[in-house]
Amino acid sequence: TENPIGGGYENSTCYSNINTSNDVRCLNPGGNVNNDAGFIINFTAPADSTVNWVWVRAEFATVTGTANEACQIALYNWTASAWRQVTTSGATCGTTDVVLSYNITGSPNITSFIDSNNFFRVMVYGNGTGNDDITVDNINATVYYTVPGDIIPPNVTINSPSNNSNYSGNVLINATMIDNI
């Protein structure tokens, strides 16, 4: 699941635009050189699962492409309580979509970027000396996970024949089984 955190610039309708790669964009204005534009998206992997890896992908650009802005992805590091840039477009982002991705895999990345509740936070942003606005077409995460095996046996109740009955030949047994899964 995903849960966007807004910068106060766009409404929730805009955030629904970033669920699909379809050239329908969500705009976040930078405002000034001290306010880099960006989006923070919270994702939650399925509960009671073991996350093996997460692939994060974003398509975004600056509005004018004239400012010295690099498009970047950062992940929140729960161990360090700080954001960590994981990939960048280089010196300038431009007005054409940049597609950036990062694979969260292995230790310590899994435990650093994904908390004990399988929650992780992704930020896409323009970073630089300019004040360019940022437009996001798509932010998504693919999570590969495993669930624990079933270690609780099912509860089986034999309804008929009655207990301690003696039969010969073919016997039809009626039973009810309840499993925890």
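Residues numbered from 1 in each chain as written. Predicted model: local features only at pLDDT ≥ 70, side-chain atom pairs only at ≥ 80, totals over all residues. Heavy atoms only, no water.

Enquirer: Where do I start with the pairing of strand β4 (residues 50–62) in this structure?
Expert: If a strand is regular, its side chains alternate between the two faces of the sheet. As judged from the twelve bridges shared by β4 and strand β9 (residues 134–146), these two strands associate in the antiparallel manner. Bridged to R57 within β9 is N140. (Pairing = 2+ DSSP bridges. Helix = DSSP H or I, 4+ residues; strand = E, 2+ residues; numbered from the N terminus.)

Enquirer: In this structure, what is going on with unusual backbone geometry? I would like to understand it.
Expert: Excluding glycine, residues mostly carry a negative phi; peptide bonds, for their part, are mostly trans. Across the junction of S160 and P161, the peptide omega takes the value 5 degrees, indicating a cis bond. With respect to the helices and strands, the residue P161 is situated in the loop between β10 (155–160) and β11 (174–178). Positive phi, close to 65 degrees, is recorded for D23, a residue that is not glycine. Turning to its location among the elements, D23 is positioned in the loop between α1 (12–16) and β2 (26–28). Judged by relative accessible area, D23 falls into the exposed class, the value being 57%. The residue N118 is not glycine, and still its phi comes out positive at about 65 degrees. Secondary-structure assignment places N118 in the loop between α2 (109–113) and β8 (119–128). By relative accessible area, which is 9% here, N118 ends up buried. (Buried < 20%, exposed > 50% of the residue type's maximum accessible area, 1.4 Å probe, protein only.)

Enquirer: Even after reading the chapter, I still don't get the pattern of salt bridges, so can you show me in this structure?
Expert: Think of it this way: side chains of opposite charge can pair up when their charged atoms draw near. Scanning the entire structure with this criterion turns up three salt bridges. Residues R57 and E59 are paired through a salt bridge, measuring 2.7 Å at the closest nitrogen-oxygen approach. You can call E59 buried: its relative accessible area is 7%. Within this structure, D23, R25 and D97 form a network of salt bridges that share partners. (Salt bridge = Lys/Arg side-chain N within 4 Å of Asp/Glu carboxyl O.)

Enquirer: How should I be thinking about the packing of aromatic side chains in this particular structure?
Expert: To describe a pair of aromatic rings, you give the distance between the ring centres and the angle between the ring planes. Taken as a whole, this structure holds five aromatic pairs when the rule is applied. With 5.4 Å between their ring centres and 75 degrees between their planes, Y76 and W83 make a pair best called edge-to-face. Take Y76: its relative accessible area is 16%, and that puts it in the buried class. Using a relative accessible area of 32% as the deciding quantity, one classes W83 as partly exposed. Aromatic ring contacts, followed pair by pair, group Y76, W78, W83 and F119 into a single cluster. (Phe/Tyr/Trp six-rings, centres within 6.5 Å; stacked < 30°, edge-to-face > 60°.)

Enquirer: What is the right way to look at a nonpolar patch on the surface in this model?
Expert: Among the surface-exposed residues, V156, I158, Y167, V171, I173 and M177 lie close enough to one another that they form a single nonpolar patch of about 640 Å² accessible area. With respect to the helices, strands and loops of the structure, V156 is situated in strand β10. A relative accessible area of 49% means that V156 is categorised as partly exposed. (Patch = residues over 30% accessible without salt bridge, like charges linked within 9 Å, V, L, I, M, F, W, Y side chains within 5 Å. Areas by Shrake-Rupley, 256 points an atom, 1.4 Å probe, with all protein chains shown as cover.)

Scope: geometric values only; no functional claims are made or implied.
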